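# Notes for the structure review
Given next are the chains, with one letter for each unit.
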Amino acid sequence: MNGRKNSRPPSPFRRQRIIQALSLLLFFWLLRHMVVTAAEPALPPDLFLRLDPLAAPLLLLTARDWLPEMWPGLAVLGATFLAGRFFCGYICPFGGSLDFCRILLRKLFGTAATRPGKLDPAGRKIKYLLLAALAGTALPGVNLFYWGAPLPLIARFYALLIHPLLLLASNQGLALLGPLLAGMSENWVGLQYLQILPRGYHGLFFLLGFFGLAFGLELFRPRFWCRYLCPAGALLGLCSRRSPLRRRVQECVNCGKCAAICPMSAISQDGRQTGHGECLGCRTCAAVCPVKGIAFSPAGRIKSANSPAALPERRAFLGAAGVGVLVSGATLARALPGLASGAECLRPPGSLPENEFLRRCLRCGACMKICPSNGLQPAWAGAGLPGLFSPLLLPRRGPCEPDCNACGRVCPSQAILRLPLAEKRWAKLGTAAVKAERCLALAEGKRCVVCQEVCPYGAVKLVQASGQGVPVPVVAAERCFGCGYCEKHCPVQAPAIAVYPAGALRLERPDYEMAARAAGLDLVPVSERRPDAPDYDDFGGGGLPPGFTD
Amino acid sequence: MDRRNFLKWQAAGLVCAGVAFNRLGPAARAIAAETAWPDLGVAKGAPAAAARAAVNLIGGMPRFVKPGQKVVIKPNMSFAMGPEQATNTHPEVVREVLIMCREAGAGSVRVLDHALQNPGLSLERSGILDACNSVQRGICHQLMDGQFYAEAAIPQAVAMRNNLFMKDVLEADVIIAVPVAKSHGGAGVSLALKGQMGLILDRWVMHSRYSLDASIVDLNTKIKPHLAVIDASRVLSTGGPGGPGKVLTPGEVIASADPVAADALTVASYEWYGLKYEPRQVSYLRLAHERGLGRMDIENLAIQRTTI
């Protein structure tokens, strides 16, 4: 062991790696707690999503409302004015993932694989133009910033792609271990029945492609996404240009080591100039400086000018913003009633009215991660172009559990309202309808009452008309929540009973019970009805009860 | 039956069992057991006590479970609601049957079902998970994953010739059906025979591809319960199987080595939708009887009753 190395205090660069790793671990820990069964962790499970420094300010524009949930993101912005892009260097799990991925890639392909590049202003302008364009779309109230907000993106990657793959691997692993566990003693019998049910999501190939590219580009340049593309990075870059706590050169021998090692290539070749909008404050430069001449402090002896040409020209900015406004116009026109199909889909319970919903939804996937039945899925074409990647309930995959309000609890932008269970119960999603031409009972005269059997609300009645041989299902719309249990379990291949958003309640305020009662709904689950007082009974009139024969 | 008579029957049962075990060969023992006991036992009382008494009336658990055997108990526990709704078996009944199996020296006992509603909530709210855990931890499960099932043929089937069965069930020496007595909009009633649908992975084909009546009988030619203990402590008389419906409280438990007979007696004993029906009016019972799976002619069967 090298004694001298051990006695040295941890370098600032190492400290950055440690903080970054801890932040990433906290992010994973909170994602892990994004399940219904877990006890509420000490921190909100959607904390990182609320930290997004792009989504927070742009949501103010699109939602036209103050969202208290998003203050952490605004706080990040404010702190950046003082301390520069520390968020990108120390906290952002996207950036952390890129850094650790690059370390891995270097191990695989050798250190020469990733070259730092130069302080190349031309390419870096892209992210500022993207920022301008996204701000341009947000101005008239269109939310397209989900394409660039880094935290929802990376959350979606881990929650909807990596987590299901881990589940699948565990599931297969358990199946392999099965024979081994079966041989264990009766004292360990519970182990034989461990079940890890796989989960899956639509649009995984998109995530695979997008993140495959983002991670693969690390081979080309370190933090490719952060330096060229990330609009949140651009916004933080704008905020950090005059930050007092920034890289200052106290002493310089013009060795150029700092410029060569800077992962963001934010230092000029002579080591004296800094692109403050590009610097992540990782302090790698300070660690390699042979004369220890670099400090991150309010004042420096050698004047370190901001590198001049990092920003696009004003007319490019305005042009990009103009393009954004045009795109927003096109999106708004596309979202007119009858063209958009988001309102014709099943949204999670407590979702705002469709337009409000789309203005707010970050596409982070938190609701889909936590949905216990795996029924909430990212829309592909299903919700129309304006609703790309937004959550839809696909009952055939999994119904909406009557005693669950988890999606609203973890929605960082409150596109899905946080409803208490007593209120969520009234947040009707739609109404089930029987397709007579496919129904086993109606079309084929078969004894099938599965829809009635599984309905948690007692909304499917069985009626045995005198002419019919078998009882047939009839949906009582006022009893139907639209949970989709019937659609999930219908034995017909293309389900003969399906939920449509007819009668769905989508309110701006959590006044669901009042609205539902006003609409004459009666949404009490069977488990809570008084058993001895059946309040409807279609059987009667001297015929046989359902299922009995002469 | 009064207390004295009940004690007499129990004493007789013990003596008979003792003689059978000690003196007779296995074949003679089987014949003696089949002939010595009434076909059906009906006990009225608190759920656990009634379950024990009903099984004792027909010979006690040692008649069905021999030391070291693998036992699967199949209750109804696939609805996420409490016992008062009468959609799930009473937890006390399941617990008592489980205890009796262990007293009889079973090598292993499992309490298994395949839930329709949320599996975790169903286990919890039915009270059955807690009841089983109080006896032995880790044996009560909803088997949702395909890895617990294996494809098997049903040789005597007329319609459904194969399905995926729980491996535990295929390997079991003894299957005990412990259903709650409830109406069923499609099949008329859901009792011991119908309840066996919870032991296969794909029950939907029984509705969509085959005739439900024929496939219920097919299923039971393969995994017919060796003992049926029907929990009629509460009867879901209307609105079954999922409710809500009218709940009767006869406070009885019906036990039989013949699940068809147990089902038939249950049908005949209680009101369904406010009226009385004959077993033959449940078409899968009639079919089971015709195909020799068991007897629905309860008027010709020996029924022993007791009240605790």
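Residues numbered from 1 in each chain as written. Chains lettered and ligands numbered in written order. Predicted model: local features only at pLDDT ≥ 70, side-chain atom pairs only at ≥ 80, totals over all residues. Heavy atoms only, no water.

Turning our eyes to something else, we now look at the overall build of chain B. Regarding its fold elements, chain B presents 12 helices and 13 strands. Looking at the 308 residues of chain B, the share that counts as buried comes to 63%. Put simply, 72% of the contacts in chain B that link residues at least 6 apart link residues at least 24 apart. (Helix = DSSP H or I, 4+ residues; strand = E, 2+ residues; numbered from the N terminus. Buried < 20%, exposed > 50% of the residue type's maximum accessible area, 1.4 Å probe, protein only. Contact = heavy atoms within 4.5 Å.)

What follows is about the overall build of chain A. Counting secondary structure elements, chain A contains 24 helices and 8 strands. Here the C-alpha coordinates of chain A stretch approximately 105 × 65 × 35 Å along the principal axes. The burial tally for chain A puts 55% of its 550 residues in the buried class. A separation of at least 24 residues holds for 77% of the contacts in chain A among residues at least 6 apart in sequence.

Take the interface of chain A and chain B next. Between chain A and chain B, the residue contacts involve 48 residues of the former and 58 residues of the latter. For the pairing of chain A and chain B, the buried interface totals around 4300 Å² over both sides, and the portion due to carbon and sulfur atoms is 53%. The largest contributions to the chain A side of the interface with chain B come from A:Tyr193, A:Glu453 and A:Phe548, which together make up 18% of the buried area. Taken together, the links from chain A to chain B amount to 2 salt bridges. Two residues, B:Arg125 and A:Asp403, come together in a salt bridge whose shortest N-O distance is 2.8 Å. Run the count over chain A and chain B and you get 19 residue pairs in polar contact (both at pLDDT 80 or more). Contributing elements (two or more residues each) for the side of chain A that touches chain B: helix 9 (150–182), helix 10 (189–192), helix 22 (450–454) and helix 23 (485–489) of chain A. The element that contributes the greatest number of residues to the side of chain A that touches chain B is helix 22 of chain A, accounting for 4 residues. For the side of chain A that touches chain B, the per-class residue count stands at 27 nonpolar, 10 polar and 11 charged. (Buried area = accessible area lost by both parts, 1.4 Å probe. Salt bridge = Lys/Arg side-chain N within 4 Å of Asp/Glu carboxyl O. Polar contact = N/O pair within 3.5 Å; in protein donor to acceptor, adjacent residues only side chain to side chain. Nonpolar A, V, L, I, M, F, W, Y, C, P; charged D, E, K, R; others polar.)

What follows deals with helix 4 (residues 55–63) of chain A. Residue and element names in this part refer to chain A. Of all the 9 residues making up helix 4, 7 are buried; the element is thus mostly covered by neighbouring parts of the structure. Those residues of helix 4 not exposed but buried are Ala 55, Ala 56, Pro 57, Leu 58, Leu 59, Thr 62 and Ala 63. In the stretch just after helix 4, Arg 64 is the one whose phi turns positive, near 55 degrees.

Another aspect to go through is the packing of helix 3 (residues 47–57) of chain B against helix 4 (residues 91–103) of chain B. All names here are of chain B. Direction vectors running N to C along helix 3 and helix 4 enclose 45 degrees, while the axes themselves pass 8 Å from each other. In terms of orientation, helix 3 lies oblique with respect to helix 4. Relative to helix 4, the crossing made by helix 3 is right-handed. Side by side, helix 3 and helix 4 meet where Pro 47, Ala 48, Ala 51, Arg 52 and Val 55 of the first sit next to Glu 92, Val 93, Glu 96, Ile 99, Met 100 and Glu 103 of the second. Tallied by class, the residues present in the contact of helix 3 with helix 4 amount to 7 nonpolar, no polar and 4 charged. (Axes fitted to C-alpha atoms, helices over the stretch in contact; angles between N-to-C directions. Parallel < 35°, antiparallel > 145°, perpendicular 65-115°, else oblique. Left-handed = near helix turned anticlockwise from the far one by under 90°.)

Time to look at the nonpolar core. Counting 134 residues, the largest nonpolar core has A:Phe27, A:Leu54, A:Phe94, A:Phe145, A:Ile154, A:Phe211 and A:Trp225 as the members making the most contacts within it. Ranked by residues supplied to this core, first place goes to helix 9 of chain A with 9 residues. With residues up to four places along the chain from it excluded, the contact list for A:Phe27 reads A:Phe48, A:Pro93, A:Ile154, A:Ala155 and A:Tyr158. Within the second largest apolar cluster, 94 residues are counted, among which are B:Leu112, B:Cys132, B:Tyr149 and B:Tyr277. (Core = buried A, V, L, I, M, F, W, Y, C linked by side-chain atoms within 4.5 Å.)

What follows is about the packing of aromatic side chains. Residue and element names in this part refer to chain A. One pass over the full model with this rule turns up 25 aromatic pairs over all chains. Relative to Phe 224, the ring of Phe 220 lies with its centre 5.9 Å away and its plane at 50 degrees, an arrangement referred to as tilted. For Phe 220, a relative accessible area of 43% corresponds to the partly exposed category. Above the plane of the ring of Phe 389 lies Arg 156, whose end atom (NZ or CZ) is 4.5 Å from the centre. (Phe/Tyr/Trp six-rings, centres within 6.5 Å; stacked < 30°, edge-to-face > 60°. Lys NZ or Arg CZ within 6 Å of the ring centre and 35° of its normal.)

Our focus in this paragraph is the confidence of the model for chain A. Caution applies to low-pLDDT regions: their predicted coordinates should not be interpreted in detail. The predicted model of chain A has a mean per-residue pLDDT of 87, with 91% of residues at 70 or higher. Below pLDDT 50 for its whole length, residues 1–9 of chain A participates in 1 contact with residues either more than four positions away or in separate chains. (pLDDT = per-residue confidence, 0-100.)

All names here are of chain A. Here the structure, examined in full by the defined rule, presents 0 disulfides over all chains. You can see Cys 239 has no disulfide; the closest cysteine sulfur is in Cys 88, sitting 10 Å from it. For Cys 239, a relative accessible area of 10% puts it in the buried group. Take Cys 411: it sits in no disulfide, and the sulfur closest to it among the cysteines is that of Cys 364, at 6.4 Å. (Disulfide = S-S within 2.5 Å.)

Residue and element names in this part refer to chain A. Viewed as axis vectors pointing N to C, helix 7 (residues 93–109) and helix 9 meet at an angle of 60 degrees, and their least axial separation amounts to 8 Å. With respect to helix 9, the axis of helix 7 lies oblique. Contact residues: Pro 93, Phe 94 and Ser 97 in helix 7; Pro 150, Leu 151, Leu 153, Ile 154 and Tyr 158 in helix 9. Among the residues making up the contact of helix 7 with helix 9, the classes are represented as 7 nonpolar, 1 polar and no charged.

The next thing to look at is the environment of A:Pro501. All names here are of chain A. Position of Pro 501 relative to the elements: it lies in the loop between strand 8 (497–500) and helix 24 (512–518). Spatially, the C-alpha atoms of Pro 501 and Ala 432 are 8.7 Å apart, while their sequence positions differ by 69 residues. Those residues in contact with Pro 501 that lie beyond four places of it in its chain are Ala 343, Glu 344, Cys 345, Leu 346, Leu 429 and Gly 430.

Here we take up the confidence of the model for chain B. Counting all residues, the mean pLDDT for chain B is 90, and 89% of those residues have values of 70 or more. Long-range and interchain partners of residues 18–26 of chain B, a stretch whose pLDDT sits below 50, account for 7 contacts in this model, where long-range means more than four residues apart.

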